Amino acid sequence: MRWAATAWAAVSIAASTMPICAAAATLRIRVLDLAGRPLKDAVVYAVPDSPVPSTKPRTAIIDQVHRQFAPQVNVVQVGTYVDFPNSDNILHSVYSFSPAKTFVLRLYAGRTEPPIRFDKPGIVVMGCQIHDSMIAWLLVVNTPYFGKTGADGSVVLRHLRVGHYRVHAWDVGMRKASPPHNLPIVAGAPPRQITFRLKAGRMPQHGPTMPGMSAHHGM
Ligand SMILES: [Cu+2]
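Residues numbered from 1 in each chain as written. Predicted model: local features only at pLDDT ≥ 70, side-chain atom pairs only at ≥ 80, totals over all residues. Heavy atoms only, no water.

(A) Examining the coordination of the copper ion more closely. Protein-derived ligands of the copper ion are His 92 (ND1), Cys 128 (SG), His 131 (ND1) and Met 134 (SD), with the metal-ligand distances lying across 2.0 to 2.7 Å. Around the copper ion, the four donor atoms sit at angles spanning 91 to 135°, and that spread fits a shape best called irregular. As a motif over one chain, the donors of the copper ion read H-x35-C-x2-H-x2-M. Here His 131 lies in the loop between strand E12 (122-127) and strand E13 (135-141) and His 92 lies in strand E9 (residues 92-98), a separation of 39 residues in the sequence. A relative accessible area of 0% means that His 92 is categorised as buried. Its relative accessible area of 12% is what places His 131 among the buried residues. (Donors = N, O, S within 2.8 Å, 3.2 Å for Na, K, Ca; no water. Tetrahedral: all angles 85-135°; square planar, octahedral: opposite > 155°, others 65-115°. Helix = DSSP H or I, 4+ residues; strand = E, 2+ residues; numbered from the N terminus. Buried < 20%, exposed > 50% of the residue type's maximum accessible area, 1.4 Å probe, protein only.)

(B) Up close: the pairing of E9. When you tally the buried positions in E9, you get six out of seven residues, the bulk of the element. In this structure, E9 lies alongside strand E10 (residues 101-108), joined through six bridges in antiparallel fashion. Residue pairing for E10: Val 94 is matched across the bridge by Leu 105. Here E9 hands over to E10 after two residues, the two strands then running antiparallel side by side. With two bridges joining them, E9 and E12 adopt antiparallel strand pairing. Within E12, the position partnered with Tyr 95 by the bridge is Gly 127. (Pairing = 2+ DSSP bridges.)

Set out below in structure tokens:
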């Protein structure tokens with residue numbers, strides 16, 4: 001397991017002082033780089049062993065503002081629809097060659113395209129046909145328990161039901177999420193805290209490219 005040696009470690013830490021709730025638990029997760037610095041906008045998600053009753057599909061928004069996707073890092077549950085408005089007064093497109101979702105929205109202004117449903121888990125990397133510097137990531141995860149870290153590298157997942165969870169973390173530039181930190185949540189247990197240490201991903205300078213093609217001509 002290469003990650004374990006070079007890029008990843010998870011440490012279970014003592015319970016915090018937050019109130020105990022038997023029906024639903026709170027999980028505080030910190031994501032640090034290997035030097036111990038907090039990683040902002042890292043994605044964490046907790047996958048329960050027993051499926052969570054499905055809810056009505058949700059819609060998320062990835063906008064295009066000042067020639068950048070906003071937000072650049074995103075996470076949704078499998079089955080979520082994502083709307084891609086364009087708030088700039090120039091044309092943009094959106095494309096992905098990622099196996100989890102391959103699609104193209106050809107050049108458009110405003111909001112002309114219907115939302116896209118993301119129906120498979122995985123990492124989707126998106127670009128714009130005419131602006132090489134535009135890039136966005138979408139993690140599609142098999143759980144309603146997910147979040148993104150703030151500037152302090154922390155995120156809190158709430159209302160986890162009793163059960164066993166596999167908790168993962170991911171940062172931009174990682175080809176896949178970390179191996180799981182296995183975590184039982186038992187009735188009446190105090191909130192837990194987990195720390196991930198990731199090899200910080202390097203922010204790519206341009207959108208995804210189809211193998212053998214440039215970003216401009218890969219459409
Ligand atoms: Cu663009």
